[in-house]
Amino acid sequence: MNDYVGFQQCICCYIVIVSSATGNSADTAMVNGDGAHEHTEEAESKQDRNGEADGGEESNEQEVIVIQDTGFTVKIQAPGTELFDLQVSPQEMVQEIHQVLMDREDTCHRTCFSLQLDGNVLDNFAELKSIEGVQEGSLLKVVEEPYTVREARIHVRHIRDLLKSLDPSDAYNGVDCNSLSFLSIFTDGDLGDSGERKKKGSELEQIDCTPPEHILPGSKERPLVPLQPQNKDWKPMQCLKVLTMSGWNPPPGNRKMHGDLMYLYIVTVEERHVSVTASTRGFYLNQSTTYTFNPKPANPSFLSHSLVELLSQISPAFKKNFTALQKKRVQRHPFERIATPFQVYSWTAPQVDHAMDCVRAEDAYTSRLGYEEHIPGQTRDWNEELQTTRELSRKNLPERLLRERAIFKVHSDFAAAATRGAMAVIDGNVMAINPGEETRMQMFIWNNIFFSLGFDVRDHYRELGGDAAAHTAPTNDLNGVRAYGAVDVEGLYTLGTVVVDYRGYRVTAQSIIPGILEREQEQSVIYGSIDFGKTVVSHSKYLELLDKTSRPLKVQCHSVLNDKNDIVELCSSVECKGIIGNDGRHYILDLLRTFPPDLNFLPVDGEELPPESQRQGFPRQHRHRLACLRQELIEAFVEHRYLLFMKMAALQLMQQKANKDSNKTDTPSITETSETSTECKADTSPLEGKELEESIPGLAQAKELAETLVAEDGSDPKSREVVLNACKAVGSISNTSFDIRFNPDIFSPGVRFPDDSTDDVQKQKQLLKDAAAFLVSCQIPSLVKDCLDHSALPMDGVTLTEALHQRGINIRYLGTVLEFVDKTPTKAQLQHFYVTSSRHTSRFGVELSALSAAVSHFLNCFLSSFPDAVAHLPPDELVSRRKSRKRRNRVPGSGDNTAWASLTPSELWKNIASEAQSYYHFTVQCESVDQVVEKYGLQKITLLREISIKTGIQILIKEYNFDSRHKPAFTEEDILNIFPVVKHVNPKASDAFHFFQSGQAKVQQGFLKEGCELINEALNLFNNVYGAMHVEICACLRLLARLNYIMGDHPEALSNQQKAVLMSERVLGIEHPNTIQEYMHLALYCFANGQLSTALKLLYRARYLMLLVCGEDHPEMALLDSNIGLVLHGVMEYDLSLRFLENALTINTKYHGPRSLKVALSHHLVARAYESKAEFRSALQHEKEGYTIYKNQMGEAHEKTKESSEYLKYLTQQAVALQRTMNEIYKNGSNASIMPLKFTAPSMASVLEQLNIINGIIFIPLR
């Protein structure tokens, strides 16, 4: 019961501000690095690639080809540097050595060179093993080559990148796949060194253990500024004041013939203004000034092959600072500087100075992305690239790795290009292909990508919910593309699809089918329907291809009638269209109904839902009719039905065998329950299924029989009957084997079925009702159960969304989840709604010049206690009256652009309440933010974080006074930027994932060494496919670190966990719940390595982040505080230690109930701290509590109970001894002969042992 109460209160912490109907927020956070070029990671990845190669369960020769590259060393000779050795592998291309040299400190300023072996130039794209003469000890010479315009531009771009390498502004601005990482600030670079070793006495005293006031338990302060501590390395080391393209570009014809390629204008730190010519031979000073053009070389001209060499000669400050800057750059951990594959945006940023930057200026006005202008053929044909990579061979492991790597790389490039294009469309930088139409109906093409807006154009979705349906359709379509992409059937193609929400608009970006723009849609579609089922066509090739997907996607092939009453066979929903492109490929698009409808949100006349759904108030009206079940739900439902099928077959077999009365009565009851409505009763209580098994003797054997029976060909009539009955009972579409599939067209308006399929349609309707009821009666209770036993602990909107989606629960069920949690509202279950709902209400078209004013006004109405938030309209002279009269301004679909200015806080909260009611069917009885905070125990800073992340707002990092009643919290100046929120497909590394799962399974069976080898193998394969950075690599590193730790290799554990933390910060975000967990693990390994102060800093950082993300009232906080308390205990800060340990005890008692073993352990830790302070009475009191719990839960004989009993005796002896001493002192005063009391400082080993116990690390004997 206590656990239940605990859960009611803790739901507040996790149902923390739901990630509204945004769908897979986790996807946007996924990140990957371009392994082909990113050899900044060189040393790391080399080391990884030479890791253990066997342990793979597939053919070992294959693995060896890929991973076991026996590396060798070559010597490199570059002009102006000494000879040096470089470790290379035979698989590597010459191009990759180029990348390494462009990153090395002493050769980084060279870009235009060739590598020569014995005077022969090596081909950049040749693998080293294919070049004759390249072997151990070969000498490769770096030879400077003449520049071309392209090479000169690459050189300037590279030098600019080197100058900016420590500047975090790209990460704050969310460009070029840069993102933030702050770990190095807390470790001071001492990870991997020996750190402070465990020394007693003076050494320990130097550790400053006192945390900032706001981190202490009970503090109500939630500052924002510490989220992004200032890194001393980021202090700008100025090498140049200005480096920009000269206004004299391009060179006139006569100068081209002298070899001039382009001109640069440079201002040095010493205020020297110079004009530089980039020529075929290198860079030199010319005699031009700002207003006069004189391209002749200056005297001296300082001709140099590299711009860095030229600048080092004319500016001493440049020479000094550039050298220092490169030293710092190469000292940074490679993971701090490698690009992530999908952009991660930061919701806060400091005020960054806007510096002049020629490359950024040039990039802003080209439709290409960065280096792409250097790709032959200029703009990329995205569709061709996406489809060609899918066609690559996949017969063996090396081929599959190559294919997956290519698919992943193209996808991440496409997502970046699509995001950039979508922003350009909304910002008005792209001309529509139908400019004559109303703005909301316009479509765009940019960089070979097609863009459309999320509005209901030409009443296409009128019967399905208009604009609301048009807004949902793209995400449904993306889920369909994801599903078909994962099945990966050869010969069937989907479009590259990215959905971008930006400035309140939804934009869908798609690759373009060759030839589709030249034809009418009616002529192109040879499969499916373009008018929701009136005219339907089919095609034999499509049926053949789609039939291969029908089993994995659980789609039933079915027939429908078209407008001429002809029967047409389909193997998908009618909306799914098949078009053969001019390239001869079979494309499918409009996959928005890949998965069947969700009847809980689709009221249909004359159809009744099962009682489980009705009891929860379903069916409910929804704002559109496109509500679908998630793929995860379909999988779980089919799995559940399969178990039921096996059970029923087993029971019938037992009947046939034993033929006893008692068994006869059992079977019908099960058959009835499954036939009459949805599920066997196991849904309502997960225990009943087990009880059923235990109560029927021999059921397990019967199940085995049933499995063999299902595998047979059904020749035995009796066994055929058993299978037939079981198939009928669970709704299988086949009578001879278990096969559940759904017809996605059931309940689609306008779709008619032939008369002879009436029975089938009825069965399908029943199956859909059962699935809807399964969600309510099985999945939601299982989520709540997982939260109760703490196997799922969502901390914020993103992790809550993940937890729901993993179980197939859509975000629209949040209200139902909450009702389930608590019929009588307790503390704080609602955070998520506010943000979700406010997100729905914050969609309004605003003229660009008023955007920051609109956003700050909205945030004031949402979060500020100031009752009279007034909007500041921009000054009149900037808003052209004529323009608004002429054409309603250019924001697509906008109405009155100043409507936002009249919004008041009470009006906004009314909107939020009605939104929560209509979308989630949940009642919010609050009229202001302060009432909400009071009633549900929320934090305004948490609400601000959630709304910013969900809508893409970036705010200035400073302390905001939300509670002032005299002035609003936000001004226009506090809104720095608006970022896109992007959803896209995440291609997977299937082989690597297989290894990872096998490794996990081995570890769970106790085979740590084998598990470790498999996971190392998985890491190599992940790196091969994703490059260096990816969320799955992060999971791999975390598990490896834990295994290293358990197997006693603490330094290796530290190194792997450090990488995991850096990667989590970079690919998920600096305060993502996963990052907080990674910090905690790293602190433990630091402590084990004797780096005590670092461990404390990391734990304090984790606590600060958790306070910001979800506040103090969360079950995870107990674990964190126990960790902090133990480390403080270890460094003899007993009073401070007690504050954290007692807080952990309070939280554990609240969430686990006072009789839980976790609480007993908490009592023991508190007792130890009191013992160290010689407060034996308090120590005894806590240990007795712990002892009682152990005795009641485990019995007298259990070792834990005995340990506790021993410790109680020891404490009692100490208490008695202390009392004797005190009495002696009172009696005899200063003459007392005092027995020395034994006060033992805790040993590091005992503290570490306790840390391992609370973190769930159990050392098991190796097998």
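For clarity, every value in this text was computed on a predicted model and none was experimentally measured.

Parameters and conventions
- Residues numbered from 1 in each chain as written.
- Predicted model: local features only at pLDDT ≥ 70, side-chain atom pairs only at ≥ 80, totals over all residues.
- Heavy atoms only, no water.
- Helix = DSSP H or I, 4+ residues; strand = E, 2+ residues; numbered from the N terminus.
- Buried < 20%, exposed > 50% of the residue type's maximum accessible area, 1.4 Å probe, protein only.
- Areas by Shrake-Rupley, 256 points an atom, 1.4 Å probe, with all protein chains shown as cover.
- Pairing = 2+ DSSP bridges.
- Patch = residues over 30% accessible without salt bridge, like charges linked within 9 Å, V, L, I, M, F, W, Y side chains within 5 Å.
- Salt bridge = Lys/Arg side-chain N within 4 Å of Asp/Glu carboxyl O.
- Phe/Tyr/Trp six-rings, centres within 6.5 Å; stacked < 30°, edge-to-face > 60°.
- Lys NZ or Arg CZ within 6 Å of the ring centre and 35° of its normal.
- Contact = heavy atoms within 4.5 Å.
- Axes fitted to C-alpha atoms, helices over the stretch in contact; angles between N-to-C directions.
- Parallel < 35°, antiparallel > 145°, perpendicular 65-115°, else oblique.
- Left-handed = near helix turned anticlockwise from the far one by under 90°.
- Nonpolar A, V, L, I, M, F, W, Y, C, P; charged D, E, K, R; others polar.
- Disulfide = S-S within 2.5 Å.

A.B. asks: Help me understand the overall build of the chain, please; the structure alone is not making it clear to me.
C.D. replies: Tallying secondary structure elements over the chain gives 46 helices and 23 strands in all. Burial analysis of the chain (1263 residues in total) assigns 58% to the buried set. Accessible surface for the chain amounts to roughly 53400 Å². Of this, 52% is attributable to carbon and sulfur atoms.

A.B. asks: What's the story with the sheet that holds strand S4 (residues 120-121) in this structure? I'm lost.
C.D. replies: Strands pair in a sheet through their backbones, by hydrogen bonds, and they do so in one of two ways: parallel or antiparallel. Taken together, five strands build an open sheet; the order of strands is S2-S1-S5-S3-S4 and the sheet is mixed. In this open sheet, the two edge strands, each paired with only one partner strand, are strand S2 (84-88) and S4. Here strand S3 (residues 113-117) runs beside S4; their pairing, made up of two bridges, is antiparallel. What sits directly across from glutamine 116, in S4, is valine 121.

A.B. asks: Teacher, can you tell me more about a nonpolar patch on the surface here?
C.D. replies: The grouping of Met1222, Ile1225 and Tyr1226 at the surface amounts to a nonpolar patch, some 310 Å² of accessible area in total. Within the fold, isoleucine 1225 resides in helix H45 (residues 1199-1228). The class for isoleucine 1225 is partly exposed, based on a relative accessible area of 33%.

A.B. asks: I would appreciate a short explanation of the packing of aromatic side chains in the present structure.
C.D. replies: In this description, an aromatic ring pair is defined by two values, namely the gap between the centres and the angle between the planes. In this structure the tally under the stated criterion is 31 aromatic pairs. Of the aromatic side chains, those joined through ring pairs into one cluster are Phe342, Phe408, Phe996, Phe1022 and Tyr1026. In this structure, arginine 585 packs its charged tip against the face of tyrosine 493, placed 5.5 Å from the ring centre. Note that arginine 620 overlies the ring of phenylalanine 618, its terminal NZ or CZ placed 4.4 Å from the centroid.

A.B. asks: Which parts of the structure should I look at to understand the environment of glutamine 931?
C.D. replies: Structurally, glutamine 931 can be placed in helix H33 (residues 929-936). The class of glutamine 931 is partly exposed, set by a relative accessible area of 37%. Excluding its chain neighbours within four sequence positions, the residues that come into contact with glutamine 931 are Gln925 and Cys926.

A.B. asks: Help me understand the packing of helix H35 (residues 990-1004) against helix H37 (residues 1031-1046) in this model?
C.D. replies: Helix-helix packing is characterised by the crossing angle of the two axes and by the distance between the axes. As a packed pair, H35 and H37 sit with axes 12 Å apart at the nearest point and diverge in direction by 25°. It follows that H35 is roughly parallel to H37 by the angle criterion. Relative to H37, H35 is oriented so that their crossing is left-handed. Here Phe993, Phe996, Gln1000 and Val1003 of H35 lie close against H37, whose contacting residues are Glu1032, Ala1035, Cys1036, Leu1039 and Leu1043. Looking at the contact of H35 with H37, its residues break down into seven nonpolar, one polar and one charged.

A.B. asks: Would you mind showing me how to read the environment of asparagine 321 here?
C.D. replies: Considering the arrangement of structural elements, one finds asparagine 321 in helix H12 (residues 316-331). As for asparagine 321 and cysteine 239, which are separated by 82 residues in sequence, their C-alpha atoms are 5.6 Å apart. Residues in contact with asparagine 321, not counting those within four places in the same chain, are Met237, Gln238 and Cys239.

A.B. asks: Would you mind going over the state of the cysteines with me for this structure?
C.D. replies: Disulfides are covalent bonds that connect the sulfur atoms of two cysteines. Taken as a whole and judged by the stated rule, the model has one disulfide. A sulfur-sulfur separation of 2.1 Å characterises the disulfide bridge that pairs cysteine 557 with cysteine 571. With cysteine 557 in the loop between helix H19 (540-553) and strand S17 (558-561) and cysteine 571 in the loop between strand S18 (567-570) and strand S19 (577-580), this pair connects stretches of sequence that are 14 residues apart. The exposure class assigned to cysteine 571 is buried, which follows from its relative accessible area of 1%. As a non-bridged cysteine, cysteine 576 has cysteine 571 as the owner of its nearest cysteine sulfur, 9.8 Å distant. In this structure cysteine 576 comes out as buried when scored by relative accessible area, which is 2%.

A.B. asks: Explanation requested: the packing of helix H41 (residues 1115-1130) against helix H43 (residues 1157-1172) in the structure shown.
C.D. replies: The contact between H41 and H43 brings their axes to 11 Å, and the two run at 25°. The angle between H41 and H43 falls in the class roughly parallel. Note that H41 runs across H43; the crossing there is left-handed. For the pair H41 and H43, the contacting residues are Ser1122, Leu1126 and His1129 in the first and Leu1165, Arg1168, Ala1169 and Ser1172 in the second.

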